[in-house]
Structure formats: structure tokens, C-alpha cells
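# Per-entry structural report
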Amino acid sequence: MANDLVASMVLAIWLYLLAGRGAFWLVGERDEGMPPGQGPSLAVPSPAISSPAISWPAVAAIVPARDEAQSVGETVASLLRQDYPGEFTVIVVDDQSRDATAEVARTAAAALGAAPRLTVLSGRALTPGWTGKLWAQHQAVEFAESVPRPPAHLLFTDADIVYAPDALRSLVARAQSGGYVLTSLMAKLRCTSLAERMFTPAFIFFFQMLYPFSWANDPRRATAAAAGGCMLVRRDALRAAGGMAAIRGALIDDCALAKALKAHGPIWVGLTERVRSIRAYPAVADIRRMVSRTAYAQLRYSPVLLAGTVLGLAITYLAPVALAVFAAGLARILGIAAWLLMALAFQPTLRFYGVSRLWGLALPAIAAVYMAFTVDSAYQHARGRGGMWKGRAQADITGKVSGLR
């Protein structure tokens, strides 16, 4: 009887996730083939983004870069190759790099004959109370606002993100037609190594489960989310929200910014093929470091929330396997059904990343590893190494600014 009750609860969880959580698993919030500001059911050919009704305001891209010599050149080049009809400049903040980040950025711009459109700022020493990335972005925003004709929009991006030539045009068109204060694209992550194929699609799946994009895009809901690799922000809305200082201690800075901006207007976030990350995660240890950097911050540095999360993951992902293997009768049938629903829910994300559908059956094992990464995040925080990135430990130990929805 106990097994039957547990099995019924597990199946109910997966039925809710599939039917009642914003259809997150269908990966339907995407920018490809959709007119800006419209939903997937109104798909039209992409030339619609060139409508004469769209204006093309000045945009400045902001690229915080710390020890990014390997990738920043490709990022800068892809930005300067944009076919954007309006004024577009790029600001790279060399965040006290220990390599040739600044030189590589300048060389990339010069090779395209676009040096006048690139500004490289030497980042100031990190101020207490700020995370490194947000401090660098804050300096770039200050610079952008100090020029004679400040840009209307700021494109916050990372030094390992590469853009298709029409990406900015599409972003601005969507922002203009939808009246969005924030328009964000989840960069398509690299999915080449075995570790990436195993963990990258699941990372996107879990992120959308936490922050269903359809809910984030609904002005009536409090859910707010963004993807930090590509965020087009209206500068006046950012100023009204308190600027980067309003979220200065956030490790999950993209979602914290989305929450701050959603109070000032509608936001939109979706998946894309136009923007991709070139950062490699060749081994499981690399994935662990990436997840562990922010997982405990997501839980507000709370041991109680950590325990609840571990228990919830175990019930949701591990219990179906245990029931399918060790239970009997109705409990086994329900456990198998929950496992199959889990695998089914994972299929659209696997298809988007072009990896084998068989990974769907492995989702419980993948979730168990992510659970271990989350525990490791709490352990690193206890050691004083929380939020470790490029030699900096920058966890928000107060837990007051976490980006959690």
C-alpha cells in the first residue's frame, strides 16, 4: 500500500509538470520563424522583421571579460559583423584580466576595419558588495550613459557568445514590436563532448522547469527569467529599476535583472539558433564547476531549502526508477509510467540539441548527478569558495539578492 501511494504521488508530479507548468518541456518559446513579439502559432517567414514600421534605435553591446583571450575575439567579431541598420557600438570591459583579453578584442575589431566602433575599458578593482561580472557591467553602463548620444538599448552579452549576422536586428525588432523592456535569448550551448551531450540538454530542461518561459513572458505572472548571455535591455527601464546597483550582489544576475525590469514593463525570453556559446565543457568536472558556482545561491544559501531540494529531486527523478525496478504490481506500473513520462518530456529538448533520444531514459541518472553538484555547491560555499569564477570567490553570503523567483 505504501509503495502504491508513493507511486501515485510520483505519477501525479509528472502529470502536473507536463500539463500544468507552462508547457516548459515543449521548448515552444523560440525566436526562429516568428514575427517579433508574436507567439509560435503565428509563424511567418523571417523577412517580417524588416518591416518599415520597425525603428532602429542606437544600441551598445556590453561585454564583461576576465581572462577571455581564447574567445573574446570571436565574440567581438560576430558583434561587429551585425547587419543592424541603426547605430551599434561595442564596449568590452577588461576586468583585470591576466591574459591578452584587451589586445585580442582590439585586434578583432581592427581586422574588420571597425576599430572606431569598439571601446575597451580597463576595469577598476572590484568593489565590496558587488559580484565581478555585475561590477564590470556597471562600469560599461556608466560609460554608455556618459557619451553625447547615449544608446536607447544595451545588449548585455558574454565574452564567449557568438551571434549570427541578423541576431541583433531580430532582437531589436522583437523588442520594438512587443514593447519589451528586456528581450533575452538563451544562447545555444555547445553540445559536442560526451559530458556536454549528457548534461547540457538537461541543464536547459531544468532551467525551463524552474522558470517556464511562457510564464516569464506573461505580464500577468510574477515569474521572471532571462539568459545572461544575450539580454537586450531598454536603458531607460534599467535606470528606472535602479541600474546594475539594484542587483549588485546577485550570482544569478540574469534572473535578478529580469525580476527588477519586469516591474517596469513586459519581458520576453526564448530559445534560439541565432546565438550560441563557444565555451567548452569537455569533462564532467567542468560541468560541475559551472553548476556549483550558482546552485546554492539559487537556494538562498539555506540548508533547509537544500535538504528540501535533494528530497524533491529524489522523489521526482529517482523514485520512478526505484519503483520500476524493485516494486511490484500497481506500484511498478505507475513507476514505469512516470519514468516514461519523464523521458517523453525530455524529448523536445534533446531534439533541439540534436542528441540521441535515448538520453531521455537516462534523465534520472543525470538528475542524480545534478543533485550531487548542488550539494557540492553548498560545500564550496561553506569553504568560502562559493561563486568561484576566474580566481574570484564572490558568493552573496547575505542571501539578500539571489535572483530566485
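Preceding this paragraph is the structure being described.
Residues numbered from 1 in each chain as written. Predicted model: local features only at pLDDT ≥ 70, side-chain atom pairs only at ≥ 80, totals over all residues. Heavy atoms only, no water.

## Let's talk about the pairing of strand S3 (residues 118–122)
Here five bridges tie strand S2 (residues 88–94) to S3, and the two strands are oriented parallel to one another. Pairing of Val-90 across the sheet is with Leu-118, part of S3. In this region the chain leaves S2, passes through helix H3 (residues 101–111) and returns to the parallel neighbour S3; the handedness of that crossover is right-handed. (Pairing = 2+ DSSP bridges. Helix = DSSP H or I, 4+ residues; strand = E, 2+ residues; numbered from the N terminus. Right-handed = clockwise from strand over helix to strand, strands pointing away.)

## Remarks on the packing of aromatic side chains
According to the stated counting rule, one finds 15 aromatic pairs in the structure shown. An angle of 80° between the planes, with centres 5.6 Å apart, marks the rings of Phe-206 and Tyr-317 as edge-to-face. You can see Phe-206 sitting in helix H6 (residues 194–210) and its partner Tyr-317 sitting in helix H12 (residues 303–326), a full 111 residues away along the chain. Just as Phe-206 is buried, Tyr-317 falls in that class too. Aromatic ring contacts, followed pair by pair, group Trp-14, Phe-24, Phe-199, Phe-205, Phe-206, Tyr-317, Phe-346, Tyr-370 and Phe-373 into a single cluster. Directly above the aromatic system of Trp-268 lies the positively charged group of Arg-174, at a separation of 4.0 Å from the ring centroid. Over the aromatic face of Trp-215 sits the side chain of Arg-221, whose NZ or CZ is 4.2 Å from the ring centroid. (Phe/Tyr/Trp six-rings, centres within 6.5 Å; stacked < 30°, edge-to-face > 60°. Buried < 20%, exposed > 50% of the residue type's maximum accessible area, 1.4 Å probe, protein only. Lys NZ or Arg CZ within 6 Å of the ring centre and 35° of its normal.)

## With respect to the sheet that holds strand S1 (residues 59–65)
In spatial order, the strands read S3-S2-S1-S4-S7-S6-S8-S5; together these eight strands make up an open sheet with mixed pairing. With partners counted over all chains shown, the strands left at the sheet margins are S3 and strand S5 (161–163), one partner each. The average undirected angle you get between the axes of adjacent strands in this sheet is 30°. Those strands touched by helix H4 (residues 132–146) are S1, S2, S3 and strand S4 (153–157), and its axis lies near 150° from that of S1. In the packing of helix H9 (residues 253–262) onto the sheet, contacts are made with strand S6 (182–188), strand S7 (230–234) and strand S8 (267–277), and the angle to S7 comes to roughly 25°. (Axes fitted to C-alpha atoms, helices over the stretch in contact; angles between N-to-C directions. Contact = heavy atoms within 4.5 Å.)

## A short note on the environment of Ala-382
Positionally, Ala-382 belongs in helix H14 (residues 363–382). Since its relative accessible area comes to 66%, Ala-382 is described here as exposed. Each C-alpha atom of the pair Ala-382 and Tyr-301 lies 9.6 Å from the other, and the pair is 81 residues apart in sequence.

## Digging into the pattern of salt bridges
In this structure the tally under the stated criterion is 19 salt bridges. A salt bridge links Arg-98 to Asp-67, with the nearest nitrogen and oxygen atoms 2.4 Å apart. Of this pair, Arg-98 sits in the loop between S2 and H3 while Asp-67 is found in the loop between S1 and helix H2 (72–80), placing the two residues 31 residues apart along the sequence. Using a relative accessible area of 57% as the deciding quantity, one classes Arg-98 as exposed. Here Asp-67 falls in the buried class, since its relative accessible area comes to 17%. Arg-235 is paired through a salt bridge with Glu-145; the nearest N and O atoms lie 3.7 Å apart. One end of the pair, Arg-235, is in helix H8 (residues 235–240); the other, Glu-145, is in helix H4, with 90 residues separating them in the sequence. Residues participating in the shared-partner salt-bridge network are Asp-31, Asp-166 and Arg-274. (Salt bridge = Lys/Arg side-chain N within 4 Å of Asp/Glu carboxyl O.)

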